[in-house]
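# Summary of the model geometry
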Amino acid sequence: MIDENYLNSVRQSFIKLVQERKRKEFEKILEEAQKIFYEETEGGKRHVWFRLEDGYIEFLDQRLLPHKEEWVRCYDERDVASAIKSMIVRGAPAIGISASFGVFYGLKKRVQRRENLTYEVFKEIKETLFNTRPTAFNLQKALDEMEEEFKASGGDLDKIYARAKKIWFSDFLSCYLIGMWGSEVIPQDGFVFTICNTGSLATGGWGTAFSAIKFAKKLGKNFEVIALETRPFLQGSRLTAWELLKEKIPFHLIVDSSAPFMMKKILDETPKSISVLTGADRILRNGTTANKIGTFMLAISAKIFSVPFYVLAPSTTIDKNSEYIVIESRAEDEVKSFSGIQVAPKDAKAFNFVFDITPPDFISGIITEEGIFSYPYNFD
Ligand code: MRU
């Protein structure tokens, strides 16, 4: 267990670091952050949703939460790719981290089979991991970094492992910083609306929007979370509720479509204020944001009721080079059935876009590890 006072002193240093941007201090803080990282992760081996072992990585099967805690072993990139595709692992930063280790275990397996680690082998591994889920930019970013490492190290496994760990650690650090900045936009006494799951289960640390919620609670703010259940995969009711309960943070679940009604009811009937905080899967240079389906509905409601709407994400989610975002569309059955039970006629057709796009002018602020950015956005 980490001492709270120690954690607080590091947080204070983070604040100073970001405000003053002093190079020397930055190095000192990194050292401190690394210490915390190693303490929180049993020496850089364990996080809530994954464990690094000698010949495999184990994932907590998020499809079964909160009812069952089962772990799935992945021995190479194909296993990891299938874990990402089937949503055993999900959440943009978590997908990037998983893919980085997927590269390592894929290469390791080739070495065990006495195969040469050629660039073609690397490319094949990268392709397999890349062709899993199209929307989260963190996946592409992490794989590009691993490619850079493969080329620079000539396929040195120790260096490749260290690079994957660095990707994890940098997300861990970003989560703290995002939480620190994000806690500022949470009402002292009010409500925070959020969608999907943006906590430890989705990242390499405390989360993005969830980190801000956790941070604000630790700072003594008095608010309640309104968590959207997040149809059809129920990341809100299954995963965010699980994490909020663990953190003892007060919350209510609502069905997605009741968000605008809830917002108006709170504003009409109480003097309390509301903030909406969400994560992101891909943010374009101008702030256009793809996130879980339902996010745009929240943004529209927030705009209509003059409620601030914030997107929180590490800079590894920002895609500076694309002009448009590919939105993942998953199987119709995820909509037509519920917990394995058919809830629509067999022959009914369904759309299952799992993300939507919020235009930049609906977003009051985008919060990364570097601070709070406001509209108009220009992430160059
Ligand atoms: O389909 P998922 O569960 O991978 O979608 C996750 C989200 O939409 C999250 O909001 C996003 O990845 C940010 S998580 C820190």
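Note that this is a predicted model, so its numbers are computed, not measured.

### Brief notes about the pattern of salt bridges
By the definition in use, this model includes 28 salt bridges. Between K126 and D144 there is a salt bridge, with the nearest N and O atoms lying 2.8 Å from each other. In this pair, K126 is assigned in helix α5 (residues 119-130) and D144 in helix α6 (residues 137-153), connecting sequence segments 18 residues apart. Residue class for D144 comes out partly exposed when judged on its relative accessible area of 37%. Of the charged contacts, one joins K264 and D268 as a salt bridge, the two residues approaching to 2.7 Å between their closest N and O atoms. Of this pair, K264 and D268 are both found in helix α10 (residues 259-269), 4 residues apart, which corresponds to roughly one turn of the helix. The partly exposed category is assigned to K264, whose relative accessible area is 40%. Shared partners join several salt bridges into a network, and the residues in it are E77, R110, R113, E115 and E124.

### Describing empty space enclosed by the protein
Per the stated rule, a full pass over the model turns up 2 cavities of 30 Å³ or more. Put simply, the largest cavity is a space of about 200 Å³. Those elements that place two or more of their residues in the lining of the largest cavity are α4 (92-112) and β10 (289-292). Tallying contributions element by element places α4 first for the lining of the largest cavity, with 3 residues. Two domains each provide a minimum of three residues to the lining of the largest cavity, namely domain 1 (50-175) and domain 2 (178-374). In this structure, the second largest cavity encloses a volume near 60 Å³. The wall of the second largest cavity is formed by M87, T230, R231, P232, F233, Q235, K292, I293, R330, E334 and V354.

### Re the domain arrangement of the protein
When cut into domains, the protein gives domain 1 (50-175) and domain 2 (178-374). Between the C-alpha centres of domain 1 and domain 2 there is a distance of 26 Å. Taken together, both faces of the contact between domain 1 and domain 2 bury some 2,600 Å²; the carbon and sulfur share is 54%. Here domain 1 is connected to domain 2 by 1 salt bridge. Between R133 and E328 there is a salt bridge, with the nearest N and O atoms lying 2.8 Å from each other. Inspection of the domain 1/domain 2 interface yields 21 residue pairs in polar contact (both at pLDDT 80 or more).

### Focus: the sheet that holds β10
One open sheet accounts for 4 strands, arranged β12-β9-β10-β15; its pairing is mixed. Each of the sheet's edge strands pairs with one partner strand only, and the pair in question is β12 (318-319) and β15 (355-358). Pairing geometry for β10 and β15, over 4 bridges, is antiparallel. Its bridge partner being in β15, K292 is matched across the sheet by F355.

The rules we used
Residues numbered from 1 in each chain as written. Predicted model: local features only at pLDDT ≥ 70, side-chain atom pairs only at ≥ 80, totals over all residues. Heavy atoms only, no water. Salt bridge = Lys/Arg side-chain N within 4 Å of Asp/Glu carboxyl O. Helix = DSSP H or I, 4+ residues; strand = E, 2+ residues; numbered from the N terminus. Buried < 20%, exposed > 50% of the residue type's maximum accessible area, 1.4 Å probe, protein only. 1 Å grid on protein atoms, 1.4 Å probe; cavity = no way out; pocket = protein on both sides within 12 Å on 5 of 7 lines; lining within 4 Å. Points joined across faces, edges and corners; volume = space filled by probe spheres on them. Domains from an automatic or database assignment. Buried area = accessible area lost by both parts, 1.4 Å probe. Polar contact = N/O pair within 3.5 Å; in protein donor to acceptor, adjacent residues only side chain to side chain. Pairing = 2+ DSSP bridges.

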